[in-house]
Amino acid sequence: MTKLLSTIFLLTFLIVSAYSQQPGDAGRPIRGKVIEQTTGAPLPGTNITIKGTSQGTTSDQKGEFSIRANPGQVLVFSFISYEAQEVPVTENTRTLDIALKEDQKQLSEVVVTGALGIKRAAREFGGGAQVVSNENLNQGKTVNPLVGLTSKVAGLRINMYDSKVDPQIQITMRGSRSLNRAKNAPIYVVDGIPVPEITRLNPNDIESITVLKGANAAALYGSEGVNGALMITTKSGTRGRGTVKFSNTTTFSRVFLLPPAQTKFGQGVNGVYDPTQAESWGPAFDGTMKDFGPVLPNGSRHQVLYAAPSRDNRLDLFQTGVNLQNDVSFSGGDEKNTYFFSVQDVAIKGIIPEDQSHRTGARFNGTRKFGKLNTSYNVNYVYFKKNTTPDGPWITAYSLPANFDFNSMKDWQNPASYANPNYFFTDLQKNPYHQIDNTRDVSEQQTINGKVELDYQVTPWFNAMYRIGMFSTSTQTRSTTGKFEAAGRRNVNGSVSDGSNNFQRLNGDLILNFNKQFGKFSTRLILGQNFRSDYTKTATVSASNLLLPDLFNPGTRIGELTGSSSITQYRSLAGYGEFTGGYNNYLFLTLTGRNEWVSVLSKENRSYFYPGVSASFVFNEAIDALKNSNFLSFGKVFASWNKTGNVTLEPYSLNNPYSQINGFPFGNLVGFTPGAKYPNPNIQPEFVTSYEAGVQLGLLNNRLNIEGSYVFSDSKGQIFNATTSRATGYSSAVVNAGRLTNNIIELSVNGDVIRNSALKWNVGFNFTHINNEVKELYEGLQSFNIFRQSYANLGQQYPSLQVSDYRRDPQGRVIINPTTGEPLIATDPVHLGTMVPPHQMGVSTALQFKGFSVGAQFDWRMGGWLYSEIVPRMYTAGTDPRTAEFDRQPFIFPNSVIQNADGSFTPNTTVLSKGDKAFWTKQGEVQINTAAKSDYFKLRELSISYSLPAALLSKQKVVREASLGFVGTNLFIIRHKDNQYGDPEYLYNSTDGYLSFRQVPPYRTYGFNVNLTF
């Protein structure tokens, strides 16, 4: 990485030097001053360029400039957040005084990136759409663009989970439409090309993201667009003087929100100390020195202080993570060409020792005009490598005694050390540092994607475009476990597993675009054809019993190799069209239609058509009484309806696979068995019907903007596996059954509380309410298990948390066994509620005062439930605080009753429950004890920056702009009082509201960033 950074700085220096040493261009000298129109304040740093050339300059700290230009040329004055101004040079031009007007973009003038990547006015849209700028997206300086969208768009829910060096993301738009948890994400479209994922995309390369929320807005993308679309536009160069930008962001991560642990009792069994016992069922801590572990080779025995420390020892297992991000970009252009080139390097040291990742990427975007032919092209390459440990070390941390000294366990390779696996204090748990060093997962991935686009203007009202894009990833993986020879459970068999995964996608569109004006009527017709081809090849080879330590070669093994390989292909063809008719630029009607042919369905069902219609009405321009209103700047109502097919099948799901059974091949004999799932050839797409209606308002000269929407979607014919009678020869079958509905309310409010030349304070708010319900299941089925405690229950919100509970009286008191004091367990599970928070809110604030900027993003989610599988293990290990609540003595179970012979209930005041391991282990199995409300309010992002005054930079000609600042994420969180388990945002196995011991605990980050423009 050091060599890469050195190369980047050298390139930057050479280019900047070249720019600073350019001789002056011929032409007459023109001097002047640039000011702000309203206040008359100077605008230092204004770009002044000669139109059609790369020649230009910038104004100094007084707003003054000097440039050479010839008569007939045009000077372009531009400054961020101000309207550009063009001034022709005449024979008499000697001095110029320019006043730039702040660009208060009206809603009626906003241009958004619609389906197919085509720019269009927001006033035409008949559905919800929101544009997130580069500045807003990168407020938290994230390395994953999806994280930067979190809580900033109404209706869009993003969960970042798993705190490893390559965090996982789950994203859904306007609730779930499919029971298949992996098929509810929106489509990602980068510069007009659909791609399967954008986690490796450099956020600094993004100009903006248009979030098309409804299926209607994304209907031209077929099944992939049923969940909405993220339309990503990357940066391009601009005409005029070239620009070089460099930024560095360095942040630090610290673990927080570990489940609390008791500090009263240490290791042992039944209240008796045991130096080789891992669980904390021993006597109370007494501050004495006690033997710890088995006898060492020299005959001695290690001793530890039998006392809980003042701080949480578990934190010693986690180190301070470091995230180092460097970016450099070059951009420029002239009348016919533009270019943008960027390089990014990201190095992450994880919170688990030795975990790390490294990402290096480069992007080139270019455009060129050839008369009537406009061309654009880009290519993006990313190399990513990560080295992590699997989920063992932190699982151990939850169940080890409170006085366990993690730092003393690092010397495990010393044969005489009590940290060595042979002499680790117990054989029921592993030394976490031995796991970290000895078990590793390494992955190397290369991603390349790009596009070529040809756009020919046949006539002023007709242009033809062809666009083709390619996305390819090649991933090599290796998982290793070092061999360690020891007796019994301490023995570790060495293993190695090598894998490769290669994926390629080609996507092409032919688009014919017709635009024609007939008096007050405008028309636009789009006709298109699309093809998509996916190819995936995977292979693995494994050896599970290696002969030699630290030699991970499948050839040095005992027994047979295991492995597999597969090749899958997916193809689709589509024809589509969209017609938009407008009247007097305030009334619009759009009709869409697409027919698709997909390879994963049978020939009889693989062709399907879906239509859509939307309308918008800008009423403040249509109604005379509202024109030129000082209060209402913009007013639009919109509505849409569409029906979209959704195919959630994987390739070959309708084939009946045969596999070799155990013991075959046997010599020359082969044996195969058919699959247990019936591949129903009659499967059809899930069809999602959506309705949407909303209003957009701009008030008080657009200082206050409001948007509200109501959305209803109905997903019928869900594709899922249903259990069938084994008498059919199959245990399950792929069926079309089930129905999900979504009732959604969205509200967005954004306004400038203060807006003048010195101070600007903006506050934004977005709110979403989602009622996602299960209306039908297969053949009268009342409940369908999604994952463990997550269910699809008929008539209830999806997904539902369903847990075991105690038997209770009508007042909710726990009924106990009058003889043993054991709480009685209810026969039927209890439904607690949805695992997805139905109420979601984002709050943003941005303050700008002179050179200072402060931005913050808050995230609030309410109404959901979570379940933790961490706590039952802590109950069994005796580390959960509740196991020590009654000092390990018999006690009266709180709020308990005894049922009388006549069916009445008497409060329990005499029957004691045992407080031993067996008792608490059983309580950990009662799932209601480890469920809680998942409400939370967190400060997701905080950014504080300062831009250096132009006066400080005016004495040199290299650095044009400079800023430095502080950034932080997850700086604080407020959780429901019953949630002591972790971050409610986390999930496991794509299951909302499910906390697992396999997840690395969450962390907060803080650091600084530096930005330079040359």
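Here the structure is shown first, and the text comes after it.
Quick notes on the rules
Residues numbered from 1 in each chain as written. Predicted model: local features only at pLDDT ≥ 70, side-chain atom pairs only at ≥ 80, totals over all residues. Heavy atoms only, no water. Helix = DSSP H or I, 4+ residues; strand = E, 2+ residues; numbered from the N terminus. Rg over C-alpha atoms; globule rule 2.2 N^0.38 Å. Buried < 20%, exposed > 50% of the residue type's maximum accessible area, 1.4 Å probe, protein only. Contact = heavy atoms within 4.5 Å. Areas by Shrake-Rupley, 256 points an atom, 1.4 Å probe, with all protein chains shown as cover. Lys, Arg positive; Asp, Glu negative; His and termini not counted. Charge placed at Lys NZ, Arg CZ, Asp CG, Glu CD. Pairing = 2+ DSSP bridges. Axes fitted to C-alpha atoms, helices over the stretch in contact; angles between N-to-C directions. Parallel < 35°, antiparallel > 145°, perpendicular 65-115°, else oblique. Nonpolar A, V, L, I, M, F, W, Y, C, P; charged D, E, K, R; others polar. Polar contact = N/O pair within 3.5 Å; in protein donor to acceptor, adjacent residues only side chain to side chain. Core = buried A, V, L, I, M, F, W, Y, C linked by side-chain atoms within 4.5 Å. Salt bridge = Lys/Arg side-chain N within 4 Å of Asp/Glu carboxyl O. Phe/Tyr/Trp six-rings, centres within 6.5 Å; stacked < 30°, edge-to-face > 60°. Lys NZ or Arg CZ within 6 Å of the ring centre and 35° of its normal.

Attention shifts here to the overall build of the protein chain. Scanning the protein chain from terminus to terminus reveals nine helices and 55 strands. Taken over C-alpha atoms, the radius of gyration comes to 32 Å for the protein chain, in line with the 31 Å a tight globule of 1014 residues would show. Taken along the three principal axes of its C-alpha coordinates, the protein chain extends 105 × 70 × 65 Å. Counting only residues that meet the buried cut, the protein chain has 51% of its 1014 residues in that class. A sequence separation of at least 24 residues applies to 68% of the contacts in the protein chain between residues at least 6 apart. For the protein chain, the accessible surface area stands at approximately 44,200 Å², while carbon and sulfur atoms represent 55% of it. Each charge class in the protein chain was averaged separately, 95 positive and 81 negative side chains, and the resulting centres sit 4 Å apart.

If you check which residues of helix α8 (residues 917-924) are buried, you get Phe919, Trp920, Thr921, Gln923 and Gly924. Considering only its buried residues, α8 is in contact with α7 (870-877).

A few words now on the sheet that holds strand β54 (residues 994-995). Pairing between sheet strands relies on hydrogen bonds along the backbone, with the strands arranged either parallel or antiparallel. Across the sheet, which stays open at both edges, the three strands sit in the order β51-β48-β54 with mixed pairing between neighbours. Each having just a single partner strand, β51 (931-933) and β54 make up the two edges of the open sheet. Relative to β51, strand β48 (residues 865-868) runs antiparallel, the two sharing three bridges. Considered in β51, the bridge of Leu866 is made with Ala932.

The subject of this paragraph is the packing of α7 against α8. Contact geometry of α7 with α8 gives a least axis separation of 8 Å together with a crossing angle of 175°. One element, α7, and the other, α8, form an angle in the roughly antiparallel class. Residues Pro872, Tyr875 and Thr876 of α7 pack against Lys917, Trp920, Thr921, Gln923 and Gly924 of α8. Residue classes in the contact of α7 with α8 are distributed as three nonpolar, four polar and one charged.

Pairing in this open sheet of five strands is mixed, and the strands run β10-β15-β16-β13-β14 from one edge to the other. Edge positions in the sheet fall to β10 (129-133) and β14 (193-195), since each of these pairs with one other strand and no more. Within this sheet the neighbouring strands show an average axis-to-axis angle of 25°, counted without direction. Examined bridge by bridge, strand β15 (residues 206-212) and strand β16 (residues 229-234) share six bridges and lie antiparallel to one another. What sits directly across from Val211, in β16, is Leu230.

Our next topic: the side chain of Ser963. Tracing the backbone shows Ser963 in strand β53 (residues 961-975). Setting aside chain neighbours within four positions, we find Ser963 in contact with Tyr946, Ser947, Asn1009, Val1010 and Asn1011.

Moving on, we get to the environment of Arg998. Looking at the secondary structure, you find Arg998 in the loop between β54 and β55 (1003-1013). Among the residues examined, Arg998 registers a relative accessible area of 31% and is labelled partly exposed. With 712 residues separating them in the primary sequence, Arg998 and Asp286 have C-alpha atoms 33 Å apart. Not counting the four nearest positions on each side in its chain, Arg998 is found in contact with Asp391, Trp394, Ile395, Glu869 and Tyr988. Here the side chain of Arg998 touches Asp391 through a polar contact of 3.2 Å, side chain to side chain.

In terms of burial, α7 is a largely internal element, six of the eight residues being buried. Where α7 is concerned, the buried positions are Ile870, Val871, Pro872, Met874, Tyr875 and Ala877. Buried residues along α7 sit in contact with α4 (393-399), β48, α8 and β54. Once α7 ends, the next one or two residues include Gly878, with phi positive near 75°.

Okay, the pairing of β55 next. With 11 bridges joining them, strand β17 (residues 240-255) and β55 adopt antiparallel strand pairing. Bridge pairing links Ser247 to Asn1011 in β55. Pairing between β53 and β55: nine bridges, direction antiparallel. Counterpart to Leu964 in the pairing with β55 is Val1010.

What follows is about the pairing of strand β13 (residues 187-190). The side chains of a regular strand alternate between the sheet's two faces. Neither face of β13 is open: one carries Ile187 and Val189, the other Tyr188 and Val190, and all of them are buried. Here four bridges tie β13 to β16, and the two strands are oriented parallel to one another. Paired with Tyr188 across the bridge in β16 is Leu230. Bridge count between β13 and β14: three bridges; the pairing is antiparallel. If you follow Val190 over to β14, its bridge partner there is Ile193. The loop that links β13 with its antiparallel partner β14 comprises two residues; one of these, Asp191, has a positive phi angle of about 50°.

So, on to unusual backbone geometry. Going from Tyr798 to Pro799, the amide bond is cis rather than trans, its omega being -10°. Of note, Pro799 is situated in the loop between β42 (790-793) and β43 (800-803). Here the phi dihedral of Asn270 falls at roughly 55°; this positive angle occurs in a residue that is not glycine. Given a relative accessible area of 67%, Asn270 falls into the exposed group.

With that settled, consider the nonpolar core. Judged by nonpolar contacts, the single largest core of 59 residues is most densely connected at Leu149 and Leu230. Per-element tally for this core: the top contributor is α4, with four residues. Once residues within four sequence positions are removed from consideration, Leu149 is found in contact with Val132, Leu137, Leu156, Ile158, Ile209 and Leu230. Formed by 29 residues, the second largest nonpolar core is a distinct cluster that contains Tyr161, Trp865, Ala932 and Leu987.

Note on placement: Thr375 falls in strand β23 (residues 373-388). When its relative accessible area of 11% is taken as the criterion, Thr375 is described as buried. Discounting residues that sit within four places of it in the chain, Thr375 has contacts with Gly366, Thr367, Arg368, Phe370, Glu453 and Leu454.

On to the pattern of salt bridges, then. Should the charged atoms of two oppositely charged side chains come close, the side chains can pair. Under the counting rule described, the total for this entry stands at 47 salt bridges. Two residues, Lys938 and Asp983, come together in a salt bridge whose shortest N-O distance is 3.0 Å. Placement of the pair is Lys938 in strand β52 (residues 936-947) and Asp983 in the loop between β53 and β54, with a sequence separation of 45 residues. A single salt-bridge network, built from bridges that share partners, covers Asp859, Arg861, Lys938, Arg940, Asp983 and Glu985.

Aromatic rings in a pair are described by how distant their centres are and how their planes are angled relative to each other. For the coordinates displayed, the defined rule picks out 41 aromatic pairs. Residues Tyr583 and Tyr586 carry aromatic rings whose centres are separated by 5.7 Å and whose planes lie at 90° to one another, so their mutual orientation is edge-to-face. The partly exposed category is assigned to Tyr583, whose relative accessible area is 27%. A centroid spacing of 6.2 Å and a plane angle of 35° characterise the contact between Tyr691 and Phe712, whose relative ring orientation is tilted. Here Tyr691, found in strand β35 (residues 686-699), pairs with Phe712, found in strand β36 (residues 704-716); they are 21 residues apart in sequence, far enough to count as distant. Members of the aromatic cluster, joined through ring pairs, are Tyr806, Tyr875, Phe886, Phe891, Phe893, Phe919 and Trp920. Lys290 extends its terminal NZ or CZ atom over the ring of Tyr306, reaching a point 5.3 Å from the ring centre. Over the aromatic face of Tyr936 sits the side chain of Lys938, whose NZ or CZ is 5.1 Å from the ring centroid.

To continue, consider the environment of Phe256. One can find Phe256 in the loop between β17 and β18 (288-291). Sequence separation between Phe256 and Phe972 is 716 residues, and the spatial gap between their C-alpha atoms is 9.9 Å. Dropping the residues within four chain positions of it, Phe256 is found in contact with Asn970, Ile973, Pro1001, Pro1002, Tyr1003 and Arg1004.

Tracing the backbone through its elements, the reader meets Gly114 in the loop between β8 (111-113) and β9 (119-121). Its relative accessible area of 0% is what places Gly114 among the buried residues. Setting aside anything within four residues of it in sequence, one finds Gly114 in contact with Arg120, Phe125, Leu212 and Met231.

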